[in-house]
Structures are given as C-alpha cells and as structure tokens.
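Residue-level structure breakdown
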Amino acid sequence: MKHYILLITSLLYLLDIHYSHAQLYTQSKAEKALQTYREELLGFRKEHPKKRNLPDAKFFFFGMGNRAKMFYKDGRIISLSDKRVIRRWKVKSALIVPSEYLVHLELQDGRAVDIQEDETGVYVYENNLQIILAESPITLPTFSDKKFPSVLRTLHHELLVNIQDGKPLVNTIVYTKPWFKSAAIITMALKKTNNLPLVEAWIKGLNTPFDRNNNAGYAEADNLGQVLYMLSTVADKKHPLVTKILDEADNFDKGGFIEGRTADMLPHAVYQTKWLKFGLKEMQLPDKYKIPSQYDSYSSLIWWDFQKDYVKGDQVDDNLALNSPQYVWAEDHFFKQNKGPISAREYPLTWEAEVTDLKYESLSIIDQTLVDLRIAPTNAWQAAEMLLLLLE
C-alpha cells in the first residue's frame, strides 16, 4: 500500500499537482472580496469621473511577469500563445475578483474551484489539490497604506500581465515589441514595486539607442533619454550603449538643446531635451543641455522633473484621451487634475484603441467585439501612469 501511495504522490508531482488542505475561497468570501473592490472602485470613480465604455466581455488574464500568459472565460482557461484550452469546467456561477487575482467557480456538480495568482505562480485549487499552471517569482505589494489599495492591485496586475519574455510591452496581445517611450514609464513603475528583475536582462541587452518602431523607421530623439534612464536602473555609465547615446545626442543638438522626431513624427524639443537631461542625471553624467523656453504639447508628460520648464498651451484633446488615455493620466500627474479616464468595467481598468498597425485581429480569441472596435484590453503604459500617480 505504501508503494502505491508513493507512486501516486510521485505522479502528482510530475503533473505539477500537489495536495491542498482546503479551498482558498468559499462563495461568501469571494463575494465579500468582490464587494470590497466594487465599493473602493466606486469611490475612485467619484474622484476620477471620466470613463470609457468597453465591450462587455467577461474574462480575466493570468500570467503576471514572465509567466505563461493565459485567461479565464466561460468555464475555460485558455493559453494565449497557442489558444489551447488548459482546463475546462461546467460552471454554475463565476466570480472574477480582479484585486485578488482570483476567479472563483461554483460548478454544476456542487464543487468549487479557485483559480488564483500570487507571488509564486498561477494555481488551480480543486478537489483539495493544487494544480500548478505557471511559476516564477514576482513582487505583489498589497498597497494597504494607500487610499485605493484594491484599485492599485488591479492596476499592478494590468501592468505585470503585459511583460512578455522579459520585455515591457504596452499590451502582450497586440504588440510584438516594446516602445522605449512606454517602456521607460513601465520601468519606473516596476522600480517602485521592486519588480525590476523582470526586465533587467532586456534592459542590459539593449544595443541601440532607438527602437525605430514608427512606420518610417525614423530615429526618435526622445529615445536617447529614455534608454539612458532605463540603463541607469540596472547598469552604470560603463554600459557600452551609453557612449552611443551621447554620440547620437550630438547629432540632434540644435545649439544647447536637442530636437528631432518623436512617435507622432513631430518635433518635441522640450520633451526630448527633458528626457535626455533626466537620463543624464540618473546616470550621473555631465549635462550641457538647456530646456528651450517654448510650448511643447508633450512637455507636461514629464511630470516627475523640470516642472518649472513648462510654457502654457493646449492639453490633450478628448479623442486622444479616450483612445490613448496614458497621455491624460500623465497630464493629471503634472497639473494635479482629474481628467484621466478609466474603464467603465470592473476589469480591465485600462485599454488602448485605434492605434495604427497593431494586431487587433489577435484579440478574437477573447472577444470579436474587441477586434471590431479595435480596443486592446489592458494598457501597461496607462496602468503605470495611474499607479505612479496613486502611489504619491
């Protein structure tokens, strides 16, 4: 008998299945956690009333950090990489609790199942067994000392779930490569939550000052400071890319400041020079540049430094705010205002829409409406901007 027990135990471990003494959540405990999140979200919306209606697609992503990406929908856990159904249940009811990284299922046969992600991995708890779906370490603060801890935990999830193979993507489904302007802000947020190790190898491995992700493949002048800043978080001035960045900065020098194209193909001398000066400061390098005294629509996106170097002008328009809300949340941080929109859904809270040349068709695995409306659910850049604002 002992040999049989040992054999069964060994097989369970080979299958990544372990004994669990109890179910994590009862229905009432899950409902209570969801109610706490809803009440907090209601309070958050009173302070930040702008919103955008997203399609009513009920799903939840799993796979924060460098874990395998998957999602729950309609009684199934589905792999994002190959569309494989990992687990399937006949569900009577499902509770998605974003702030607890939890989906609680009540099954038609009377059993309960929990799918939950924590600092160690993604797990299914069923029949007093723990089934491992993915494992690798991440840091998940509770934010218990902040005004909106449940909202912050959800935003942190929407940030971390878009890290793919060590790369900080805006959205892991519709983007294939990081953009340096968003990666720098995401890096700031990861540093704040002690998750820099998730992207450290990618940052150290950078070998070009420009991402050249725009349609024409142009070098974007703001990339210089963004890459310098990212390198400063995991390396020092001896990194081989630093010299290349300084040489390229000379090519954009317009007599004391830099100016070139940014992602919108327009010159943004103030924004670009601010980024360069910030990167130089963080890398503890000499700084010969001066921010030009002129209006720049991107100037207020640099909210963490150089606040006095701002020439008043128009702010982000409403159409851009609804499609690329990260810009407005950055302005909110700069101007101490509450114009940034949030999703009208409980989950996800962030999104990006109507961006050219993104793989929106890949969203059909979640919901065809997302493809038709060209809306990518979750936006790591927006989540990072919101997280950094709320942590102050």
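Residues numbered from 1 in each chain as written. Predicted model: local features only at pLDDT ≥ 70, side-chain atom pairs only at ≥ 80, totals over all residues. Heavy atoms only, no water.

**So, the environment of Ala 376**
With respect to the secondary-structure elements, Ala 376 resides in strand S16 (residues 375–377). Once the C-alpha coordinates of Ala 376 and Lys 90 are considered, the two residues, 286 residues apart in sequence, prove to be 28 Å apart. In contact with Ala 376, not counting residues within four places along its chain, are Asn 171, Val 174, Thr 350, Trp 351, Glu 352, Tyr 360 and Leu 363. (Helix = DSSP H or I, 4+ residues; strand = E, 2+ residues; numbered from the N terminus. Contact = heavy atoms within 4.5 Å.)

**Some details on the pattern of salt bridges**
Where charged atoms from two side chains of opposite charge approach closely, those side chains can pair. Under the counting rule described, the total for this entry stands at 17 salt bridges. Its salt-bridge partner being Arg 38, residue Glu 346 comes within 2.5 Å of it at the nearest N-O pair. In this pair, Glu 346 is assigned in the loop between strand S14 (342–343) and strand S15 (351–353) and Arg 38 in helix H2 (residues 27–47), connecting sequence segments 308 residues apart. The closest approach of N and O atoms between Asp 82 and Arg 84, which form a salt bridge, is 3.6 Å. Note on Asp 82: relative accessible area 44%, which makes it partly exposed. On the basis of relative accessibility, which here comes to 46%, the residue Arg 84 falls in the partly exposed class. Here the residues in one salt-bridge network are Arg 87, Asp 109, Arg 111 and Glu 126, joined through shared partners. (Salt bridge = Lys/Arg side-chain N within 4 Å of Asp/Glu carboxyl O. Buried < 20%, exposed > 50% of the residue type's maximum accessible area, 1.4 Å probe, protein only.)

**Section: helix H4 (residues 180–192)**
For H4, spanning 13 residues, the distance from its first C-alpha to its last is 18 Å, which sits close to the expected 18 Å at 1.5 Å a residue. Buried residues dominate H4, accounting for 11 of its 13 residues. Inspection of H4 places Phe 180, Lys 181, Ser 182, Ala 183, Ala 184, Ile 185, Ile 186, Thr 187, Met 188, Ala 189 and Leu 190 among the buried residues, and these make up the whole buried set. Following H4 by one or two positions, Asn 194 has its phi on the positive side, about 60°. (Expected span 1.5 Å × (residues − 1).)

**Regarding unusual backbone geometry**
Here the amide bond leading from Tyr 347 into Pro 348 is cis, since omega sits at -5°, within 30 degrees of zero. Assignment of secondary structure puts Pro 348 in the loop between S14 and S15. Even without a glycine there, the phi angle at Asn 128 is positive, about 60°. By secondary structure assignment, the location of Asn 128 is in the loop between strand S10 (121–126) and strand S11 (129–135).

**Focus: the environment of Pro 267**
Position of Pro 267 among the secondary structure elements: in the loop between helix H7 (240–251) and helix H8 (269–282). On the basis of relative accessible area, Pro 267 is assigned to the partly exposed category, the value being 49%. With 29 residues separating them along the chain, Pro 267 and Asp 296 place their C-alpha atoms 8.7 Å apart. Not counting the four nearest positions on each side in its chain, Pro 267 is found in contact with Glu 259, Gly 260 and Gln 272.

**So, the layout of surface pockets**
Its volume calculated, the largest pocket comes out at about 700 Å³. Forming the boundary of the largest pocket are 30 residues, of which Tyr 175, Trp 179, Lys 181, Val 355 and Thr 356 lie nearest the centre. At the level of secondary structure, the elements contributing two or more residues to the lining of the largest pocket comprise H4, helix H9 (318–323), helix H10 (326–335) and S15. For the second largest pocket, the calculated volume is near 360 Å³. Lining the second largest pocket are 17 residues, with Ala 57, Lys 58, Phe 59, Ile 96 and Glu 346 positioned closest to its centre. The biggest single contributor to the lining of the second largest pocket is strand S7 (residues 91–97), with three residues. Here the residues of the lining of the second largest pocket are counted per class, giving 10 nonpolar, no polar and seven charged. (1 Å grid on protein atoms, 1.4 Å probe; cavity = no way out; pocket = protein on both sides within 12 Å on 5 of 7 lines; lining within 4 Å. Points joined across faces, edges and corners; volume = space filled by probe spheres on them. Nonpolar A, V, L, I, M, F, W, Y, C, P; charged D, E, K, R; others polar.)

**Remarks on empty space enclosed by the protein**
Counting across every chain of the model gives two cavities of 30 Å³ or more. Considered as a void within the structure, the largest cavity measures approximately 60 Å³ in volume. Forming the boundary of the largest cavity are Lys 181, Ile 185, Tyr 271, Trp 275, Leu 301, Ile 302, Trp 304, Gln 326, Tyr 327, Ala 330, Trp 381 and Glu 385. Of all the secondary-structure elements, those providing two or more residues to the lining of the largest cavity are H4, H8, H10 and helix H12 (380–390). Among the elements that take part in the lining of the largest cavity, H10 stands out by supplying three residues, more than any other.

**Observations concerning the pairing of strand S9 (residues 112–117)**
Taking burial as the measure, the six residues of S9 include five buried ones, the bulk of the element. One ladder, built from four bridges, connects S9 with S10; its direction is antiparallel. Directly across from Gln 116, in S10, lies its bridge partner Tyr 123. Hairpin connection between S9 and S10: a loop of three residues separates the two successive antiparallel strands. (Pairing = 2+ DSSP bridges.)

**Focus on the sheet that holds strand S4 (residues 70–73)**
The strand order across the open sheet built from four strands is S3-S4-S5-S6, with neighbouring strands paired in antiparallel fashion. The sheet is open, and its two borders are formed by strand S3 (60–62) and strand S6 (85–88), each paired with just one other strand. Taking the axes of each pair of neighbouring strands and ignoring which way they run, one obtains an average angle of 20° across the sheet. (Axes fitted to C-alpha atoms, helices over the stretch in contact; angles between N-to-C directions.)

**Observations concerning the packing of H10 against H12**
Two measures define how a pair of helices packs: the angle their axes make with one another and the distance between the axes. In contact at an axis separation of 8 Å, H10 and H12 are set at 15° when each is read in the N-to-C sense. As the angle between them shows, H10 and H12 are arranged roughly parallel. Both H10 and H12 take part in a crossing whose hand is left-handed. Contacts between H10 and H12 involve Gln 326, Tyr 327, Trp 329, Ala 330, Asp 332 and His 333 from the former and Trp 381, Gln 382, Glu 385, Met 386, Leu 388 and Leu 389 from the latter. Split into classes, the residues belonging to the contact of H10 with H12 amount to seven nonpolar, three polar and two charged. (Parallel < 35°, antiparallel > 145°, perpendicular 65-115°, else oblique. Left-handed = near helix turned anticlockwise from the far one by under 90°.)

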